[in-house]
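# Examining the three-dimensional arrangement
Letter by letter, the chains look like this.
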Amino acid sequence: MLDSRSLDRLKIIISKNLSLSSISVFLFQNIKTMKDTKQHIDELTVLLNQYNYQYYILDNPQISDYEFDMLLKDLALLEKENPEYAHVDSPTQRVGGALNKNLIFASK
């Protein structure tokens, strides 16, 4: 699916009666961009899920909270712009991680 900016550029190309090869190049570039976007979302999702595991389960953070938040913000923006590529297990869809079974809870 092309975003609105890409559709506008395609309309301009078509309205100027440019060659079929120009349209083909345009579509190829957009398909490549779409694949790159999907791959970037996939990679960020895996990476952030790993960081969550290391932070919440292993109690061994690998990056600062700020760095995590910036990566999460990037992922959220990409998913908002490309909801068809968002994962159900995306860290943008939940807060925190799994429960660390080594925690000891004090009782009253």
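See above for the structure.
Criteria and cut-off values
Residues numbered from 1 in each chain as written. Predicted model: local features only at pLDDT ≥ 70, side-chain atom pairs only at ≥ 80, totals over all residues. Heavy atoms only, no water. Helix = DSSP H or I, 4+ residues; strand = E, 2+ residues; numbered from the N terminus. Buried < 20%, exposed > 50% of the residue type's maximum accessible area, 1.4 Å probe, protein only. Contact = heavy atoms within 4.5 Å. Areas by Shrake-Rupley, 256 points an atom, 1.4 Å probe, with all protein chains shown as cover. Core = buried A, V, L, I, M, F, W, Y, C linked by side-chain atoms within 4.5 Å. Salt bridge = Lys/Arg side-chain N within 4 Å of Asp/Glu carboxyl O. Expected span 1.5 Å × (residues − 1). Arc of directions from axis to C-beta. Phe/Tyr/Trp six-rings, centres within 6.5 Å; stacked < 30°, edge-to-face > 60°.

## Brief notes about the overall build of the protein chain
The secondary structure content of the protein chain amounts to 3 helices and 0 strands. In the protein chain, the succession of α and β elements from N to C terminus is α-α-α. Within the protein chain, the fraction of its 108 residues that count as buried is 23%. In the protein chain, once contacts between residues fewer than 6 apart in sequence are set aside, the share between residues at least 24 apart is 56%. Carbon together with sulfur atoms contributes 59% to the accessible area of the protein chain, which is approximately 8400 Å² in total.

## A short note on unusual backbone geometry
Backbone geometry places Asp59, a non-glycine residue, at a positive phi of 50 degrees. Within the secondary structure, Asp59 is located in the loop between helix 2 (20-56) and helix 3 (65-81).

## Digging into the nonpolar core
For soluble globular proteins, the rule of thumb is that nonpolar side chains tend to be buried together. Residues Ile41, Leu44, Leu48, Tyr51, Ile63, Phe68, Leu75, Leu78 and Tyr85 constitute the largest nonpolar core, which totals 9 residues. Of all the elements in the fold, those that place two or more residues in this core are helix 2 and helix 3. Each residue touching Leu44, except ones within four places of it in the same chain, is listed here: Leu71, Asp74, Leu75 and Leu78.

## Points about the pattern of salt bridges
Here the structure, examined in full by the defined rule, presents 1 salt bridge. Close ionic contact of Lys38 with Asp42 constitutes a salt bridge, the shortest N to O distance being 3.0 Å. With Lys38 and Asp42 both in helix 2 and 4 residues apart, this pair spans about one turn of that helix.

## Some details on helix 3
In a regular helix each residue adds 1.5 Å, so 17 residues correspond to 24 Å; helix 3 covers 24 Å between its end C-alpha atoms and thus fits that length. If you check which residues of helix 3 are buried, you get Phe68, Leu75, Leu78 and Glu79. One side of helix 3 carries all its buried residues, which in axial view fall inside an arc of 100 degrees. Residues of helix 3 that are exposed and point over 90 degrees away from its buried face: Tyr66, Lys73, Lys80 and Glu81.

## Structural notes on the environment of Tyr85
Within the element layout of this structure, Tyr85 appears in the segment after helix 3. Residues contacting Tyr85, with those up to four places away along its chain left out, are Met34, Thr37, Lys38 and Ile41.

## Some words on the side chain of Thr37
Considering the arrangement of structural elements, one finds Thr37 in helix 2. Non-local contacts of Thr37, meaning those with residues more than four positions away in its chain, are made with Leu78, Asn82 and Tyr85.

## Section: the packing of aromatic side chains
In the structure shown here, the tally under the stated rule is 1 aromatic pair. Ring geometry for Tyr55 versus Tyr56: centroids 4.8 Å apart, planes at 70 degrees, classification edge-to-face. Since its relative accessible area comes to 33%, Tyr56 is described here as partly exposed.

Keep in mind that these numbers describe shape and distance, not what the molecule does.
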